[in-house]
Amino acid sequence: MEKELKFAQNLIDYIYDSPTAYHAVAKAKEDLCKAGFVEIKEEEKWDLKKGNKYFVTKNDSALTAFVVGNGEIEESGFKIIGAHTDSPSFRIKPKPEMVVDKVYVKLNTEVYGGPILNTWMDRPLSVAGRVTLRGENILYPETKLVNIKKPIMIIPNLAIHMNRNINTGI
């Protein structure tokens, strides 16, 4: 029972620390390296050896890991396990700040995926994701992961007198 509780707690911690696909991939890369997996680059020639463990990433938001078996593929076959890390959300656009009446700031966003929009309204929200910064070399910008673990904004609903049809859906 203790082993199952530890496994469950590790999964909960992983999910909490991985609010975006970028975070999930960064954590998975770290864990795979500790487990003896070797990172290979998609654009390079692969020299795969039987019995070795490898992983490849794409855009820092997708990861594929695999172990090359010791048998012959036509006799032993192969196994694939997959997982999906992204989910519907709002993405903050580049240069998103919009100051309204010199009183508050709105962030210009875009919808990603197929969220149920009214579940995002009038609730405390945080920000997590990847930020790209100008690096020393303009051709190689720096990327940093951000995870603000407290609510800092909301997406407000309109008052009913501004949207009389609010009760029929958003």
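Preceding block: the structure.
A brief structural summary. (Residues numbered from 1 in each chain as written. Predicted model: local features only at pLDDT ≥ 70, side-chain atom pairs only at ≥ 80, totals over all residues. Heavy atoms only, no water.)

Spatially, β1-β2-β3 is the arrangement adopted by the three strands of the open sheet, whose pairing is mixed. With one partner strand each, in any of the chains shown, β1 (38-39) and β3 (62-67) form the two edges of the open sheet. In the sheet, strand β2 (residues 53-58) pairs with β3 via six bridges, with the strands oriented antiparallel. Bridge pairing in β3 places Phe55 opposite Ala65. Relative to the sheet, helix α2 (residues 21-34) contacts β1, β2 and β3, its axis offset from that of β3 by approximately 20 degrees. (Pairing = 2+ DSSP bridges. Helix = DSSP H or I, 4+ residues; strand = E, 2+ residues; numbered from the N terminus. Contact = heavy atoms within 4.5 Å. Axes fitted to C-alpha atoms, helices over the stretch in contact; angles between N-to-C directions.)

On to the environment of Thr168. Mapping Thr168 onto the fold places it in the segment after β7 (142-153). Judged by relative accessible area, Thr168 falls into the exposed class, the value being 70%. Among the polar contacts made by the side chain of Thr168, one reaches the main-chain carbonyl oxygen of Asn165 at a distance of 2.6 Å. (Buried < 20%, exposed > 50% of the residue type's maximum accessible area, 1.4 Å probe, protein only. Polar contact = N/O pair within 3.5 Å; in protein donor to acceptor, adjacent residues only side chain to side chain.)

Looking now at the packing of aromatic side chains. Evaluation of the coordinates by the stated rule reveals three aromatic pairs. Ring geometry for Tyr54 versus Phe66: centroids 5.8 Å apart, planes at 35 degrees, classification tilted. Within this pair, whereas Tyr54 is found in strand β2, its partner Phe66 is found in strand β3, the two being separated by 12 residues in sequence. By relative accessible area, Phe66 is classed as partly exposed at 23%. Here a set of aromatic residues connected by ring pairs shows up, and it is made of Trp46, Tyr54 and Phe66. The ring centre of Tyr112 lies 3.7 Å from the NZ or CZ of Arg91, which sits over that ring. (Phe/Tyr/Trp six-rings, centres within 6.5 Å; stacked < 30°, edge-to-face > 60°. Lys NZ or Arg CZ within 6 Å of the ring centre and 35° of its normal.)

So, on to the pattern of salt bridges. Enumeration according to the criterion identifies 11 salt bridges in this entry. Its salt-bridge partner being Lys27, residue Glu30 comes within 3.7 Å of it at the nearest N-O pair. Of this pair, Glu30 and Lys27 both sit in helix α2, three residues apart, roughly one helical turn. Relative accessible area serves as the criterion here: at 41%, Glu30 is assigned to the partly exposed category. For Lys27, a relative accessible area of 29% puts it in the partly exposed group. (Salt bridge = Lys/Arg side-chain N within 4 Å of Asp/Glu carboxyl O.)

Here the focus is unusual backbone geometry. Phi angles above zero are rare outside glycine, and Lys95 is one such case at about 45 degrees. Here Lys95 lies in strand β4 (residues 89-100). Look at Asp122: it is not a glycine, yet its phi comes out positive at around 55 degrees. Take Asp122: it is sitting in the loop between β5 (104-112) and β6 (125-133). Looking at Asp122, the relative accessible area reads 48%, which means it is partly exposed.

The next point concerns α2. For α2, which comprises 14 residues, the first-to-last C-alpha distance of 20 Å matches the rise-based estimate of 20 Å (1.5 Å per residue) to within 8%. Inspection of α2 places Ala21, Tyr22, His23, Ala24, Val25, Ala28 and Leu32 among the buried residues, and these make up the whole buried set. Taken together, the buried residues of α2 touch α1 (2-16), β2, β3, β6 and β7. A positive phi of about 90 degrees marks Gly36, the residue just after α2. (Expected span 1.5 Å × (residues − 1).)

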